[in-house]
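Residue strings, one per chain:
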Amino acid sequence: MEKQEKNTFKCFWPWEDLKREAWLRAMSQQGWHLKSIGFLGLTYTFSAGEKVEYVYQLDFLTESAQKMEEYLELFDAAGWEHVLSWNGWQHFRKRFEDEDKDQIFTDNQSKIQKYKRVLMTYSLFLPTYMIVFFAKMERYPPWFATLLVTVFVLTTLYVGASVLMVALRIRQLEKEE
């Protein structure tokens, strides 16, 4: 009996959306179609299916339910299937037709706007995280506080690197304008 689902561990940084899109496309060509994203965005669950070349495109948007409904209707009208939403990343797909037509962002300005939304979210996360984190520190035993500080430092490095690399991606796109 053939396996109907497959779990894969894969790590992508926030600025590696193009790399993730290419990987998801390659998986669909092998007959594995994205079903869900799990643990910290590191595990991907795929359903077995027909070997179809889907083009995957990612957008970053966190909106209210009403605005999200309008947003998804717009993509649906353009022929894109919304596969899932994970941590602000919207995953869309459609069958491959033409490399130029199979893009949700056709100009650098719209790509820049996407990356600016990513940048804003990550930039707002860190100060909020710091306030919540340090407000509770004195309540913990020293060993646990040390563990939390370690987690905080690693998270700060991750968010800092993400902000820097997304900002560099924006700059690169602006130079291409």
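Counting starts from 1 at the beginning of each chain's written sequence and moves along it residue by residue. With pLDDT at 70 or above as the cut-off, local features in this predicted model cover only qualifying residues; side-chain atom pairs require 80 or more to be listed or tallied, and sums for whole chains, interfaces and linings still use all residues. The side-chain figures draw on all heavy atoms in the structure; neither hydrogens nor water molecules are used.

**Student:** I tried to follow the environment of Glu-81 on my own but got confused; where do I start?
**Tutor:** As for its placement among the helices and strands, Glu-81 is situated in strand E5 (residues 81-86). Only protein chains enter the area calculation, which uses a 1.4 Å probe; residues under 20% of their type maximum are buried, those over 50% are exposed, and those in between are partly exposed. The class for Glu-81 is partly exposed, based on a relative accessible area of 37%. Counting along the chain gives 25 residues from Glu-81 to Tyr-56, while the straight-line C-alpha distance between them is 9.4 Å. Two residues form a contact once any of their heavy atoms are found within 4.5 Å. Aside from chain neighbours lying at most four places away, what touches Glu-81 is His-91, Phe-92 and Arg-93. Comment: elements are numbered from the N terminus, with helices defined as DSSP H or I runs of at least four residues and strands as E runs of at least two.

**Student:** Quick question: what am I supposed to make of the sheet that holds strand E2 (residues 32-37) here?
**Tutor:** Backbone hydrogen bonds hold the strands of a sheet together, and the pairing may be parallel or antiparallel. Ordered by their spatial adjacency, three strands build an open sheet running E1-E3-E2, and the pairing between neighbours is antiparallel. At either end of the open sheet lies a strand with only one pairing partner, and these are strand E1 (5-9) and E2. Direction aside, neighbouring strands of the sheet carry axes that sit 35° apart on average. One bridge is not enough; two strands pair if DSSP finds at least two bridges between them. In terms of strand pairing, E2 meets strand E3 (residues 43-48) through five bridges, oriented antiparallel. For Ser-36, the partnering residue across the bridge sits in E3 and is Thr-45. Helix H1 (residues 17-29) rests against E1, E2 and E3 of the sheet, and its axis sits at about 30° to E3. Note on geometry: axes are lines fitted to C-alpha atoms, helical ones only across the stretch in contact, with angles between N-to-C directions running from 0 to 180 degrees.

**Student:** Could you clarify how one ought to interpret unusual backbone geometry in this entry?
**Tutor:** One non-glycine residue with positive phi stands out, namely Leu-40, at about 55°. Position of Leu-40 among the secondary structure elements: in the loop between E2 and E3. The residue Asn-87 is not glycine, and still its phi comes out positive at about 55°. Mapped onto the secondary structure, Asn-87 falls in the loop between E5 and strand E6 (89-95). Look at Asn-87 and you get exposed, because its relative accessible area is 53%.

**Student:** Any chance you could explain the pairing of E5 here in plain terms?
**Tutor:** As defined by bridge partners, E5 adjoins E6 across five bridges and the pair is classed as antiparallel. The partner of Glu-81 across the bridge, within E6, is Arg-93. Linking E5 back to E6 in an antiparallel pair, the connection comprises two residues, with Asn-87 at a positive phi of about 55°.

**Student:** Before we go on, may I ask you to explain a negative patch on the surface in this structure?
**Tutor:** Patch rule: a residue counts if its relative accessible area is over 30% and it has no salt bridge; like charges are joined within 9 Å, and nonpolar side chains (Val, Leu, Ile, Met, Phe, Trp, Tyr) within 5 Å. Note on areas: Shrake-Rupley with a 1.4 Å probe; residue coverage comes only from the protein chains shown. By salt bridge we mean one thing: a side-chain nitrogen of Lys or Arg within 4 Å of a carboxyl oxygen of Asp or Glu. Positive: Lys, Arg. Negative: Asp, Glu. His and the chain ends are not part of the count. Charge placement uses NZ in Lys and CZ in Arg. For Asp and Glu, CG and CD serve respectively. The grouping of Glu-69, Glu-70, Glu-73 and Asp-76 at the surface amounts to a negative patch. Along the chain, Glu-69 falls in helix H2 (residues 65-77).

**Student:** Explanation requested: a nonpolar patch on the surface in the structure shown.
**Tutor:** A contiguous nonpolar surface patch, about 350 Å² in accessible area, is contributed by Val-149, Val-153, Leu-154 and Leu-157. Looking at the element boundaries, Val-149 is found in helix H4 (residues 142-176).

**Student:** Teacher, can you tell me more about H4 here?
**Tutor:** Residue pairs three or four apart in sequence face the same way in an α-helix, which turns once every 3.6 residues. Expected helix span is computed as 1.5 Å times (number of residues minus one). Here H4 is 35 residues long and its end C-alpha atoms lie 51 Å apart, about the 51 Å a rise of 1.5 Å per residue gives. Ala-145, Leu-148, Phe-152, Thr-155, Val-159, Ser-162, Val-166, Arg-169, Ile-170 and Leu-173 are the residues of H4 that are buried.

**Student:** What exactly am I supposed to notice about the pattern of salt bridges here?
**Tutor:** One side chain can pair with another of opposite charge once the charged atoms of both are near each other. Counted under the stated rule, the structure contains eight salt bridges. With a closest N to O distance of 2.3 Å, Lys-114 and Asp-17 form a salt bridge. One end of the pair, Lys-114, is in helix H3 (residues 108-135); the other, Asp-17, is in helix H1, with 97 residues separating them in the sequence. The class for Lys-114 is buried, based on a relative accessible area of 3%. Note on Asp-17: relative accessible area 0%, which makes it buried.

**Student:** Sorry if this is basic, but what is going on with the side chain of Lys-94 here?
**Tutor:** Inspection of the secondary structure puts Lys-94 in strand E6. With residues near it in sequence (within four places) discarded, Lys-94 still touches Glu-53, Tyr-54, Val-55, Ala-78, Gly-79, Trp-80, Lys-101 and Asp-102.

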